[in-house]
Amino acid sequence: MPEHVALYTDQSVGSFLNFVADIKAVPEGGKKAHLDDLINRTGLDDVRGKLVGNLSHGYRKRVGLAQALIGDPEVLILDEPTSGLDPHQIVEIRELIKNFRGKRTVLLSSHILTEVSAICERVLILNKGRLVGEESGAGLVGADPLANGNSTHTVVLNWDGEREKVAAALSGVAGVADLLITPDGAEVFIAGNPAEIRPKLVESVLAAGGRLQNLSDKGPSLED
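Residues numbered from 1 in each chain as written. Predicted model: local features only at pLDDT ≥ 70, side-chain atom pairs only at ≥ 80, totals over all residues. Heavy atoms only, no water.

Asker: Account for the pairing of strand β6 (residues 176-182), naming residues and giving values.
Answerer: Bridge analysis of β6 against strand β7 (residues 185-191) gives six bridges, and the strand direction is antiparallel. Each residue of the ladder has a partner; that of L180, found in β7, is E187. (Pairing = 2+ DSSP bridges. Helix = DSSP H or I, 4+ residues; strand = E, 2+ residues; numbered from the N terminus.)

Okay, structure coming up:
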């Protein structure tokens with residue numbers, strides 16, 4: 001499925017997909033059931049009889065995805081599958097693509113890295129045609145503590161209570177490399193396994209008389 005899908009705009013959605021099925025030599029016996037299933041899964045039921053040329057950009061994307069799925073390919077290659085869609089359509093297409101997991105290999109090319117983070121299990125980064133990175137999304141940004149036990153990790157804590165007393169207690173926790181005080185808490189930079197250090201941070205806040213309101217991880221994004 002290329003970013004700009006080539007569609008016959010003077011055909012109806014049903015007619016076009018039937019045409020693609022013939023090109024892909026889908027057996028006549030199961031063709032209707034196969035197309036009915038794809039039209040349902042890609043949300044094209046309401047526009048099945050409409051001309052492709054009269055469809056919105058979002059629906060044309062759906063038609064492009066449906067034609068790529070005809071014949072149940074083992075490998076599906078998608079180029080910018082959600083570009084130009086509204087937020088509601090992005091969520092629907094994203095969930096549809098994620099449902100392919102375990103059923104077929106999906107290669108997705110995109111410059112929208114939040115989309116890559118939301119969909120992909122593994123990320124490959126190309127620079128001038130060369131592969132320069134290959135990792136899980138979490139491992140690529142260094143947010144996977146199992147990938148590197150000594151990686152720096154940031155934990156955000158918010159609490160009610162004496163600021164200096166609690167901050168001093170946090171600074172004394174083994175594994176805390178640095179501390180940045182914020183208006184309602186602190187960002188704690190830890191060197192080590194976050195799973196082991198987080199409980200110690202909680203204990204230190206409580207021991208210093210603080211009332212913990214929130215604890216969350218703060219890591220770099222895929223864009224970073």
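Additional details are given in the paragraphs that follow.
Asker: How would you explain the packing of aromatic side chains if you had to name every residue and give the values?
Answerer: Scanning the model with the defined rule gives two aromatic pairs in all. Residues Y8 and F16 carry aromatic rings whose centres are separated by 6.3 Å and whose planes lie at 70 degrees to one another, so their mutual orientation is edge-to-face. When the centroid spacing of 5.6 Å and the interplanar angle of 65 degrees are considered together, the rings of Y8 and F19 count as edge-to-face. Here the residue Y8 occupies a position in the segment before α1 (13-23), and F19 occupies one in helix α1, the gap between them amounting to 11 residues. Taking the relative accessible area as the measure of exposure, F19 reaches 31% and is therefore partly exposed. Taken together, the ring pairs connect Y8, F16 and F19 into an aromatic cluster. Over the ring of Y59 we find R62; its NZ or CZ atom is 5.4 Å from the centre of that ring. Across from the ring centre of F100, 5.2 Å away, lies the NZ or CZ of R104, which sits over that ring. (Phe/Tyr/Trp six-rings, centres within 6.5 Å; stacked < 30°, edge-to-face > 60°. Buried < 20%, exposed > 50% of the residue type's maximum accessible area, 1.4 Å probe, protein only. Lys NZ or Arg CZ within 6 Å of the ring centre and 35° of its normal.)

Asker: Can you break down the pattern of salt bridges residue by residue, with the values?
Answerer: Inspection of every chain in the model, using the stated rule, returns 12 salt bridges. Residues R104 and D72 are paired through a salt bridge, measuring 3.3 Å at the closest nitrogen-oxygen approach. Here R104 is found in the loop between α4 (87-98) and β2 (105-109), whereas its partner D72 is found in the loop between α3 (57-69) and β1 (75-79), with 32 residues between them in sequence. Judged by relative accessible area, R104 falls into the buried class, the value being 13%. Given the relative accessible area of 45%, D72 is considered partly exposed. (Salt bridge = Lys/Arg side-chain N within 4 Å of Asp/Glu carboxyl O.)

Asker: How would you explain helix α8 (residues 194-207) if you had to name every residue and give the values?
Answerer: With 14 residues, α8 should reach 20 Å at 1.5 Å per residue; the first-to-last C-alpha distance of 20 Å fits that figure. With its phi angle positive at about 90 degrees, G209 sits one or two positions after the end of α8. (Expected span 1.5 Å × (residues − 1).)

Asker: Tell me about unusual backbone geometry, residues and numbers included.
Answerer: Although it is not a glycine, A25 adopts a positive phi angle of roughly 60 degrees. Locating A25 in the fold gives a position in the loop between α1 and α2 (28-41). Backbone geometry at E80 places phi at a positive 50 degrees, although glycine is not the residue there. As for its position among the elements, E80 is in the loop between β1 and α4.

Asker: Tell me about the nonpolar core, residues and numbers included.
Answerer: Core analysis: the biggest nonpolar cluster contains 34 residues, and V13, L17, L44, V63, L65 and I70 have the highest contact counts within it. Secondary structure elements with two or more residues in this core: α1, α2, α3, β1, α4 and α5 (113-119). Ignoring sequence-local partners within four residues, the contact set of V63 consists of L7, V13, F16, L17, L44 and L55. By size, the runner-up hydrophobic cluster in this structure holds 16 residues, among which are A167, V176, I190 and I197. (Core = buried A, V, L, I, M, F, W, Y, C linked by side-chain atoms within 4.5 Å. Contact = heavy atoms within 4.5 Å.)

Asker: Give me the packing of α1 against α3: which residues, what numbers.
Answerer: For the pair α1 and α3, the least separation of the axes is 9 Å and the interaxial angle reads 25 degrees. Considering their axes alone, α1 and α3 lie roughly parallel with respect to each other. The element α1 and its partner α3 pack so that their crossing is right-handed. Touching V13, F16, L17 and V20 of α1 are V63, A66 and Q67, all from α3. Along the lines of polarity and charge, the residues of the contact of α1 with α3 split into six nonpolar, one polar and no charged. (Axes fitted to C-alpha atoms, helices over the stretch in contact; angles between N-to-C directions. Parallel < 35°, antiparallel > 145°, perpendicular 65-115°, else oblique. Left-handed = near helix turned anticlockwise from the far one by under 90°. Nonpolar A, V, L, I, M, F, W, Y, C, P; charged D, E, K, R; others polar.)

Asker: Describe the layout of surface pockets, with residues and values.
Answerer: Its boundaries defined by the atoms lining it, the largest pocket holds a volume of some 890 Å³. L107, L108, C120, R122 and L124 are the residues nearest the centre of the largest pocket, which is lined by 27 residues in total. At the level of secondary structure, the elements contributing two or more residues to the lining of the largest pocket comprise β1, α4, β2, α5 and β3 (122-127). Residues of the lining of the largest pocket, tallied by class, amount to 16 nonpolar, five polar and six charged. (1 Å grid on protein atoms, 1.4 Å probe; cavity = no way out; pocket = protein on both sides within 12 Å on 5 of 7 lines; lining within 4 Å. Points joined across faces, edges and corners; volume = space filled by probe spheres on them.)

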